[in-house]
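Residues per chain are reported as follows:
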Amino acid sequence: MSGKFEPKVPVNLDPPKDDPISPEELARADGSEGQKAYVAIKGKVYDVSGNKAYREGGSYHVFAGKDASRALGKTSTKPEDVSPDWQDLDDKEKQTLDDWITFFSKRYNVVGILQGATNMA
């Protein structure tokens, strides 16, 4: 089912970048006070700045500036679930996480790879 995660409006994306992004740079890109908004998933950093849900006050702002792999796999917006650790998720949650990666990769530019990420497998 290739169209399952297709955006309603086609998105022209730049080629994915593999520039190193430091944890500090990611943390600064939290969507507050006009900052860019980045979300990392399994160490890949996506620029979600164009989506106001990731901005201050938005429903997904909890993910901005962080690796949200665990929370996405658990379909959780609880701050305590926002963590890069996903390896111990159950199979259903791992599939959900992979679905989110597909979803993000069709909508948002990959701007780099999180330096020191140990959760990319």
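Refer to the structure above for everything that follows.
As a starting point, this report considers the structure included with it. Only a predicted model underlies this, so the values are computations on that prediction, with no experimental measurement involved.

Within the secondary structure, Asp47 sits in strand E3 (residues 44–47). In the structure, Asp47 is positioned 63 residues away from Val110 in sequence and 6.4 Å away in space, judged by C-alpha atoms. Among residues more than four places away in sequence, those in contact with Asp47 are Lys36, Ala37, Tyr38, Tyr108, Asn109 and Val111.

The next subject is the side chain of Ser22. With respect to the element layout, Ser22 can be found in the loop between strand E1 (20–21) and helix H1 (23–28). Ser22 sits in the buried class, given a relative accessible area of 15%. Apart from the residues within four sequence positions on either side, Ser22 is in contact with Leu114 and Gln115.

This part is about the side chain of Ser83. With respect to the helices and strands, the residue Ser83 is situated in the loop between helix H2 (69–73) and helix H3 (91–105). When its relative accessible area of 13% is taken as the criterion, Ser83 is described as buried. When residues no more than four places from it in sequence are discounted, the contact partners of Ser83 are Asp67, Ala68, Ser69 and Arg70.

The next thing to look at is H3. Taking 1.5 Å per residue, 15 residues should reach 21 Å; H3 reaches 21 Å between its end C-alpha atoms and fits that length. Where H3 is concerned, the buried positions are Glu93, Thr96, Leu97 and Phe104. Angular distribution of buried residues about the axis of H3 spans 100°; they occupy a single face of the element. H3 presents Asp91 and Lys92 as exposed residues on the side facing more than 90 degrees away from its buried surface. Of the surrounding elements, those touching the buried residues of H3 are strand E2 (38–41), E3 and H2. A side-chain oxygen of the first residue of H3 lies 3.1 Å from the backbone nitrogen of Lys92; this N-cap is Asp90.

Per the counting criterion, the structure on display carries 9 aromatic pairs. Arranged with centres 6.3 Å apart and planes meeting at 70°, the rings of Tyr54 and Phe104 form a pair that is edge-to-face. Pair noted here: Tyr54 is in the loop between E3 and strand E4 (66–67) and Phe104 is in helix H3, with a separation of 50 residues, a long-range link. A relative accessible area of 3% means that Tyr54 is categorised as buried. Look at Phe104 and you get buried, because its relative accessible area is 0%. Relative to Tyr108, the ring of Tyr54 has its centre 6.2 Å away and its plane inclined at 85°; by these criteria the two rings are edge-to-face. Of the two residues, Tyr54 is situated in the loop between E3 and E4 and Tyr108 in the loop between H3 and strand E5 (109–114); the sequence distance between them amounts to 54 residues. For Tyr108, a relative accessible area of 11% puts it in the buried group. Clustering of aromatic rings is evident, with ring pairs tying together Tyr46, Tyr54, Tyr60, Phe63, Trp100, Phe103, Phe104 and Tyr108. The ring of Trp86 is capped by Lys42, whose NZ or CZ atom sits 4.1 Å from the centre of that ring.

Once that is clear, we can look at the pairing of E2. In summary, the side chains of a regular strand alternate between the two faces of the sheet. Alternating positions in E2 separate into two faces, Tyr38 and Ala40 on one and Val39 and Ile41 on the other, with burial throughout. Relative to E3, E2 is paired through 4 bridges, and the arrangement is antiparallel. Its bridge partner being in E3, Tyr38 is matched across the sheet by Asp47. Linking E2 back to E3 in an antiparallel pair, the connection comprises 2 residues, with Lys42 at a positive phi of about 50°.

Conventions adopted
Residues numbered from 1 in each chain as written. Predicted model: local features only at pLDDT ≥ 70, side-chain atom pairs only at ≥ 80, totals over all residues. Heavy atoms only, no water. Helix = DSSP H or I, 4+ residues; strand = E, 2+ residues; numbered from the N terminus. Contact = heavy atoms within 4.5 Å. Buried < 20%, exposed > 50% of the residue type's maximum accessible area, 1.4 Å probe, protein only. Expected span 1.5 Å × (residues − 1). Arc of directions from axis to C-beta. Polar contact = N/O pair within 3.5 Å; in protein donor to acceptor, adjacent residues only side chain to side chain. Phe/Tyr/Trp six-rings, centres within 6.5 Å; stacked < 30°, edge-to-face > 60°. Lys NZ or Arg CZ within 6 Å of the ring centre and 35° of its normal. Pairing = 2+ DSSP bridges.

Structural measurements only, silent on function.
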